[in-house]
Amino acid sequence: MDDYPLLNVFLTMLYLFLWVMWFFLLFKVITDLFRDHSLNGWAKAGWLVLVILLPYVGVLIYLIVRGRSMHERDEKLARDSEAAFRSYVRDAAAGQGGSGAGDHVNDLAKLAELKDKGALNAEEYERAKAKLLA
């Protein structure tokens, strides 16, 4: 270790980090390229050839030309995933899963509403809730 100065260790780590970061960008660009539905097959093939034949320049050109739309596609994907998850949870809570749990959820919601309106006192609410959950 004495024949390898600290500056060389630092530079080696920096080069390794930049190399890994470049691969991350390359995979991100290729993934974005195939997720984009607005491009036709020839445009995708052209971008892919550019990124493969001129890797550093191709990735930088792609980021400059399509970086903003890349971000918008990522946001849309995140929004769509969140909406699908919320829809799944809503359907599962409503009993779409075939278990009939939706009836209990609706009944508990109605009981809570009656309690909040003052139509049921705390004791009646707890009795009805226990009866529903039994």
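Thresholds, definitions, all that
- Residues numbered from 1 in each chain as written.
- Predicted model: local features only at pLDDT ≥ 70, side-chain atom pairs only at ≥ 80, totals over all residues.
- Heavy atoms only, no water.
- Axes fitted to C-alpha atoms, helices over the stretch in contact; angles between N-to-C directions.
- Helix = DSSP H or I, 4+ residues; strand = E, 2+ residues; numbered from the N terminus.
- Parallel < 35°, antiparallel > 145°, perpendicular 65-115°, else oblique.
- Left-handed = near helix turned anticlockwise from the far one by under 90°.
- Contact = heavy atoms within 4.5 Å.
- Nonpolar A, V, L, I, M, F, W, Y, C, P; charged D, E, K, R; others polar.
- Buried < 20%, exposed > 50% of the residue type's maximum accessible area, 1.4 Å probe, protein only.
- pLDDT = per-residue confidence, 0-100.
- Salt bridge = Lys/Arg side-chain N within 4 Å of Asp/Glu carboxyl O.
- Expected span 1.5 Å × (residues − 1).
- Polar contact = N/O pair within 3.5 Å; in protein donor to acceptor, adjacent residues only side chain to side chain.

Asks: Please give an account of the packing of helix H1 (residues 6–35) against helix H3 (residues 55–93) that cites residues and values.
Replies: Closest axis-to-axis distance for the H1/H3 pair is 9 Å, and the angle between their directions is 60°. The orientation of H1 relative to H3 falls into the category oblique. Read as a crossing pair, H1 and H3 show a hand that is left-handed. Between H1 and H3, the residues in contact are Trp 22, Leu 25, Leu 26, Lys 28, Val 29, Asp 32, Leu 33 and Arg 35 and Pro 55, Tyr 56, Val 59, Tyr 62, Leu 63, Met 70, Arg 73, Asp 74 and Leu 77, respectively. Grouping the constituent residues of the contact of H1 with H3 by class yields twelve nonpolar, no polar and five charged.

Asks: Tell me about the environment of Glu 113, residues and numbers included.
Replies: Here Glu 113 is to be found in helix H4 (residues 101–117). Classification of Glu 113 by relative accessible area gives partly exposed; the value is 45%. With 77 residues separating them along the chain, Glu 113 and Asp 36 place their C-alpha atoms 47 Å apart.

Asks: Describe the environment of Asn 40, listing the residues and the values that go with them.
Replies: Looking at the element boundaries, Asn 40 is found in the loop between H1 and helix H2 (41–53). Take Asn 40: its relative accessible area is 48%, and that puts it in the partly exposed class.

Asks: Describe the confidence of the model for the protein, naming the residues involved and giving the relevant values.
Replies: Predicted coordinates in areas of low pLDDT are best not read in detail. When pLDDT is averaged along the protein, the result is 85, and 92% of the positions lie at 70 or above. Mean pLDDT in the protein bottoms out at H4, which sits at 78, and peaks at H2, which reaches 93.

Asks: Let's hear about the pattern of salt bridges: which residues, and what values?
Replies: Taken as a whole and judged by the stated rule, the model has ten salt bridges. Here Arg 66 makes a salt bridge to Asp 36, at a shortest N to O gap of 2.0 Å. Residue Arg 66 is located in helix H3, and its partner Asp 36 is located in the loop between H1 and H2; the two are separated by 30 residues in the primary sequence. Each member of the pair, Arg 66 as well as Asp 36, carries the same accessibility label: buried. Residues Arg 79 and Glu 75 are paired through a salt bridge, measuring 3.8 Å at the closest nitrogen-oxygen approach. Here Glu 75 and Arg 79 lie together in helix H3, a separation of four residues that amounts to about one turn. Its relative accessible area of 51% is what places Arg 79 among the exposed residues. Look at Glu 75 and you get partly exposed, because its relative accessible area is 38%. Three or more residues joined by partner-sharing salt bridges are found here, namely Asp 32, Asp 36, Arg 66 and Arg 73.

Asks: An account of helix H5 (residues 122–133) is requested, with residue identities and associated values reported.
Replies: Its twelve residues place the ends of H5 16 Å apart at the C-alpha level, agreeing with the 16 Å of an ideal helix rising 1.5 Å per residue. Of the residues flanking the start of H5, the one acting as N-cap is Asn 121, its side-chain oxygen 3.2 Å from the backbone nitrogen of Glu 123.

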